[in-house]
Amino acid sequence: MRAYKGVVENEVVVLIGAKLPEGTVVTVTVGEGELLRAKISSALNRPKKIRIKLRPMPGLTSERVPSEAQGHVPEPV
């Protein structure tokens, strides 16, 4: 077993100066300090949520349209 230094770039671990064969199984160990720092920076750099509130406009109220069973069909205005 060997240890390699690496860095995470775009959510992918990049090993610096290591050429491993394709399909090599690796285990990544992260220190508690680095994990805590990554969680904090991720929370601070998270994109802000945009909340949109739809407000009804006066004059755009809906009317009750009688059903076809009653026989009355409204005329277009």
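Worth saying up front: this structure is predicted, and the values here are computed from it rather than measured. (Residues numbered from 1 in each chain as written. Predicted model: local features only at pLDDT ≥ 70, side-chain atom pairs only at ≥ 80, totals over all residues. Heavy atoms only, no water.)

A few words on the overall build of the protein. A count of helical and extended segments in the protein gives one helix and two strands. When the helices and strands of the protein are placed in sequence order, the string is β-β-α. Burial status across the protein gives 1% buried among its 77 residues. For the protein, the exposed area adds up to about 8,900 Å²; of that, 56% sits on carbon and sulfur atoms. (Helix = DSSP H or I, 4+ residues; strand = E, 2+ residues; numbered from the N terminus. Buried < 20%, exposed > 50% of the residue type's maximum accessible area, 1.4 Å probe, protein only. Areas by Shrake-Rupley, 256 points an atom, 1.4 Å probe, with all protein chains shown as cover.)

It is worth spelling out the layout of surface pockets at this point. If you add up the space inside the largest pocket, you get close to 680 Å³. Taken together, 23 residues make up the lining of the largest pocket; nearest its centre are Tyr-4, Val-13, Thr-27, Val-28 and Thr-29. Those elements that provide at least two residues to the lining of the largest pocket are β1 (6–9), β2 (12–15) and α1 (32–44). With four residues, the single largest contributor to the lining of the largest pocket is α1. For the lining of the largest pocket, the class distribution of residues is 14 nonpolar, five polar and four charged. (1 Å grid on protein atoms, 1.4 Å probe; cavity = no way out; pocket = protein on both sides within 12 Å on 5 of 7 lines; lining within 4 Å. Points joined across faces, edges and corners; volume = space filled by probe spheres on them. Nonpolar A, V, L, I, M, F, W, Y, C, P; charged D, E, K, R; others polar.)

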